[in-house]
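Structure at a glance
In case you want the letters, here they are:
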Number of protein chains: 2
Amino acid sequence: MTATLPDTIDRAACQQLDRRDPLSALREQFVLDDSIVYLDGNSLGRLPIATAPRVAHLIDEEWARGLVRSWTEADWMNSPLRLGAKIAGLIGAQPDEVIVTDSTTVDLFKLTAAVLRARPKRRTILTEHDNFPTDRYVSAGAAALIGDRTYREVAREEITDSLDSDVALLTLTHVDYRTGAVHDMRALTEAAHRHGALALWDLSHSTGAVAVDLSESEADLAVGCGYKYLNGGPGAPAFLFVAKRLQDELHNPIQGWLGHETPFTLDHAFRRASGMRAWMSGSPPVIAIAALEVAVDLLLEVGMQRVAEKARSLTGLFIQLADARLARHGFEVVTPRNGLRRGSQVSLRHADAYRIDRALIDRGVIPDFREPDILRCGLAPLYTRFVDVWDAVEQIAAVMDQRAFDNPAYGERSFIT
Amino acid sequence: MTATLPDTIDRAACQQLDRRDPLSALREQFVLDDSIVYLDGNSLGRLPIATAPRVAHLIDEEWARGLVRSWTEADWMNSPLRLGAKIAGLIGAQPDEVIVTDSTTVDLFKLTAAVLRARPKRRTILTEHDNFPTDRYVSAGAAALIGDRTYREVAREEITDSLDSDVALLTLTHVDYRTGAVHDMRALTEAAHRHGALALWDLSHSTGAVAVDLSESEADLAVGCGYKYLNGGPGAPAFLFVAKRLQDELHNPIQGWLGHETPFTLDHAFRRASGMRAWMSGSPPVIAIAALEVAVDLLLEVGMQRVAEKARSLTGLFIQLADARLARHGFEVVTPRNGLRRGSQVSLRHADAYRIDRALIDRGVIPDFREPDILRCGLAPLYTRFVDVWDAVEQIAAVMDQRAFDNPAYGERSFIT
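Residues numbered from 1 in each chain as written. Chains lettered and ligands numbered in written order. Predicted model: local features only at pLDDT ≥ 70, side-chain atom pairs only at ≥ 80, totals over all residues.

Before going further, it helps to examine the overall build of chain A. Counting its secondary structure elements, chain A contains 13 helices and 13 strands. The globule rule puts the C-alpha radius of gyration for 417 residues at 22 Å, and the 22 Å found for chain A is close to it. The dimensions of chain A, computed from C-alpha atoms along their principal axes, are 70 × 55 × 45 Å. The buried share of chain A, reckoned over its 417 residues, is 58%. Partitioning the contacts of chain A with sequence separation of at least 6, the portion at a separation of at least 24 is 72%. (Helix = DSSP H or I, 4+ residues; strand = E, 2+ residues; numbered from the N terminus. Rg over C-alpha atoms; globule rule 2.2 N^0.38 Å. Buried ≥ 20, exposed ≤ 12 C-beta atoms within 10 Å, placed from the backbone. Contact = placed C-beta atoms within 7 Å.)

Here chain A averages 95 in pLDDT, and 97% of its residues register 70 or above. Here the predicted complex scores 0.96 on pTM and 0.96 on ipTM. (pLDDT = per-residue confidence, 0-100.)

It is worth spelling out the pairing of strand β8 (residues 239-242) of chain B at this point. Residues and elements named next belong to chain B. Here β8 shows two buried faces, one formed by F239 and F241 and the other by L240 and V242. As defined by bridge partners, strand β2 (residues 98-100) adjoins β8 across 3 bridges and the pair is classed as antiparallel. Across the sheet, the residue bridging to I99 is L240, located in β8. In this sheet, β8 lies alongside strand β7 (residues 221-224) in antiparallel orientation, the contact comprising 4 bridges. Considered in β8, the bridge of G224 is made with F239. (Pairing = 2+ DSSP bridges.)

A few words now on the interface of chain B and chain A. In this assembly, 67 residues from chain B lie in contact with 67 residues from chain A. Counting only elements with at least two residues in the side of chain B that touches chain A, the list comes to α3 (51-66), α4 (70-73), α6 (104-118), α7 (133-146) and α10 (286-302) of chain B. No other element matches the 9 residues that α3(B) contributes to the side of chain B that touches chain A. The class makeup of the residues in the side of chain B that touches chain A is 40 nonpolar, 17 polar and 10 charged. (Nonpolar A, V, L, I, M, F, W, Y, C, P; charged D, E, K, R; others polar.)

All names here are of chain A. Sheet architecture is open: 4 strands sit in the order β9-β10-β13-β12, paired in antiparallel fashion. Each edge of the sheet is formed by a strand with only one pairing partner; in this case those strands are β9 (332-333) and β12 (368-370). In this sheet, strand β13 (residues 374-378) lies alongside strand β10 (residues 345-349) in antiparallel orientation, the contact comprising 5 bridges. Across the sheet, R349 pairs through a bridge with I374, a residue of β13. Where helix α11 (residues 304-325) meets the sheet, it contacts β9, β10 and β13, and its direction lies at approximately 25° from that of β10. (Axes fitted to C-alpha atoms, helices over the stretch in contact; angles between N-to-C directions.)

Residue and element names in this part refer to chain B. In terms of burial, helix α12 (residues 353-362) is a largely internal element, 8 of the 10 residues being buried. Regarding α12, the residues found buried are A353, Y354, R355, I356, D357, R358, A359 and L360. Where α12 is buried, its residues meet β11 (365-366), β12 (368-370), β13 (374-378) and α13 (386-401). One or two steps after α12, the chain reaches G364, where phi turns positive at roughly 85°.

We now examine helix α7 (residues 133-146) of chain A. All names here are of chain A. Taking 1.5 Å per residue as the helical rise, α7 with its 14 residues ought to reach 20 Å, and the 20 Å between its terminal C-alpha atoms agrees with that figure. Counting buried positions over the 14 residues of α7 gives 13, a clear majority of the element. Backbone geometry just after α7 places G147 at a positive phi near 85°. (Expected span 1.5 Å × (residues − 1).)

Moving on, we get to the packing of helix α1 (residues 11-20) of chain B against α13(B). Between two packed helices, the angle of one axis relative to the other and the distance separating the axes together describe the packing. Residue and element names in this part refer to chain B. Where α1 meets α13, the closest approach of the two axes is 7 Å, and the angle between their N-to-C directions is 155°. Relative to α13, α1 is oriented roughly antiparallel. Where α1 approaches α13, its residues R11, C14, Q15, L17 and D18 are matched on the opposing element by F386, V387, V389 and W390. For the contact of α1 with α13, the class distribution of residues is 6 nonpolar, 1 polar and 2 charged. (Parallel < 35°, antiparallel > 145°, perpendicular 65-115°, else oblique.)

Residues and elements named next belong to chain A. Contact geometry of helix α12 (residues 353-362) with helix α13 (residues 386-401) gives a least axis separation of 10 Å together with a crossing angle of 115°. In terms of crossing hand, the pair formed by α12 and α13 is right-handed. Every residue of α13 that contacts α12 at I356, A359 and L360 is listed here: Q395, I396 and V399. Here the contact of α12 with α13 is built from residues that sort into 5 nonpolar, 1 polar and no charged. (Left-handed = near helix turned anticlockwise from the far one by under 90°.)

Overlaying chain B on chain A yields an RMSD of 0.0 Å, the required transformation being a rotation through 180° with an accompanying axial translation of 0.0 Å. Both copies of the chain, as the preceding transformation shows, are related through a two-fold rotation axis. Minimal C-alpha distance to the rotation axis in chain B is attained by I146(B), lying at 2.5 Å. Interface overlap between copies: 100% of the residues of chain B at the interface are likewise at the interface in chain A, consistent with a symmetric, same-surface contact. (Least-squares fit on C-alpha atoms with pLDDT ≥ 70 in both.)

The next point concerns unusual backbone geometry. Put simply, E371(A) and P372(A) share a cis peptide bond, and its omega is -5°. Structurally, P372(A) is set in the loop between β12 and β13. The residue D148(A) is not glycine, and still its phi comes out positive at about 60°. When you line up the elements, D148(A) lands in the loop between α7 and β4 (150-154). Phi is positive for L67(B), which is not a glycine, with a value near 50°. Along the chain, L67(B) turns up in the loop between α3 and α4.

Moving on, we come to the sheet that holds strand β9 (residues 332-333) of chain B. Residue and element names in this part refer to chain B. Within the open sheet, the 4 strands sit side by side as β9-β10-β13-β12. Their pairing is antiparallel. Both edges of this open sheet fall to β9 and β12, since each of them pairs with a single strand only. Here helix α11 (residues 304-325) sits on the sheet and contacts β9, β10 (345-349) and β13; the angle it forms with β10, its principal contact strand, is near 25°.

This is how it looks when you write it as structure tokens:
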């Protein structure tokens, strides 16, 4: 499954791994810039070569010539469902369980508010203390808006024991944005179900990087980001999943004309669309959907199994090299060593992480920093090479050997990601 | 102010008007296709020539090369506020009262829910029966979500008398999407204020077409669409206005990380950003914002006063020609004859409107149909010529003279806009 790495490894061995990589041809589908080592594909993915021509065609032909006729003739109207069905193939969902709409934050709100409204006798939203800020903020906000609801955060290891008959929704991020640790989606969903709660999974750091099977996990609800491992471009729209069995029960709280059964009759009364189209609110972001679709097509071509395998190999190599060359500089690998329990990133804890990050960026190695002391190295499997991992570790070691981080210019914090 | 039209007019006179049109140079800034007469710029505006190169630059340079660094280096992070400040200049708002975010529907929801939450003792949302469906659906949905609230629709002429001390929010669309009639924003806002209610204005059919002065009208809240008269492209993001005096009182109910005072510190607790950034939820749609900004810059160049004057002239000409040449075919002009009380459209009522619309589209004239019997002719002032108005009326008259609408192929309804 995951490639076994040799015990001792050098740059040539990494190049050898790249030559044997079944995804190496996929890398050629991206606009590359080998003057940098990009370890931030988990924040903003790289540009697929086919994206710019597709967007140009949409603008120059479909918009400029087709004008308003393109809503039907270029299938703009159906694009959120068409792309949703494709993304379903990356996350083990059925084609009619996913739609592309709004942002991750808005989608989290829609699903959370829908659950609170559908299950009024249950008053608690449960999450973990270390969930991504937006997930926590939006849950707290939805609870406050609807009123008489409790928003509760517990430690990661207390989640299962904190479920009870008052919990309406357990909301978790599948891959932890800081550590890269993966939750056991199936076990936690099952635990939520035992107490009659629904489980909402944020797949922002999962989709396009690790294996996800929403059907097999019996997941209820999910959202995910379009601009990280899906490579949809800055501010790409998000996707939203509702298990078929819940599609009649849960209602989009932001009901707009496009969630109406027949939008263009502009009926007086709101009649909710059947299926996932009910989760649309306003007009779909057609240009951004087209860009995201190009990138999703690339992933579908190779299939998530091979992508997830490469992610495990890349992160495994990084951890092996970090143990060999960075531990002595005080770095602690906080990402799980079990390849099946980590996302496509390796996070290193170091007291000087912020300044090290700045020094690396100045040398053309771009990881990111996460408070308070995490150097986060995303290894996007579609275009990151094994030799990039080697070069990154080499540069981190060099920064430490030369104390290049010890520069007054790196004192003041300014955040880019 | 508005050009006076000669009593008798022919095609040559229309061409003469075009030659004297101070906005005629602006038309050259759009991708044109003179094989059609486009009367649907109020549904999807035309493409500015500068948009495609700007989007290509964003994709090929800022995304592909700048990667995640472009959030600061290309000012992506600030783009919703930067463009909001520009749009403020089109609607008589202060630069720090507008932000570009989400869709019109989501923005309507945010503002409506914020008011309901801030004013819990007032239980009614008031609107008019003929408000645009999304505005009505979203109001009803917000009232139902929060609970113990009343959503009430009244006839246009009953609005003022229906205000009372239970009304939290009066929500209206400034220019009626069907008839093109303009509400008296100042008088209705004042009436709302007399009863202690807030007024929310949907400017979707106003911005870029008619004069709006939110400050002078003492408007509280507003939203507007980016893809109609603003020409931002299919699914362009919307904008949202909150009067400065209300920015501390009203809170975005969809609180995400980008509405946090310091998003990148990823703080545990949510601290609401000050000013309009608090209305951001998820990551901004950077590509779509760039496209919209190009189009807004064109409008700012000529200024809304000249744009609104041309809109009045175009619609005035259309009404004059309709009276002279279409009345005898059973068309009724339902758009107000007072140029200051109509948007940049002329709506004609006719029992066969749907089939006439289909026949016109087949002849390269593209208006749209609105239930039950409205032929809606949008005359986007930035690129519509006086001669286009002449040709449109000519074609409508020809369709009627030849009974071209009386075609079995036009029987079954299919909606494109």
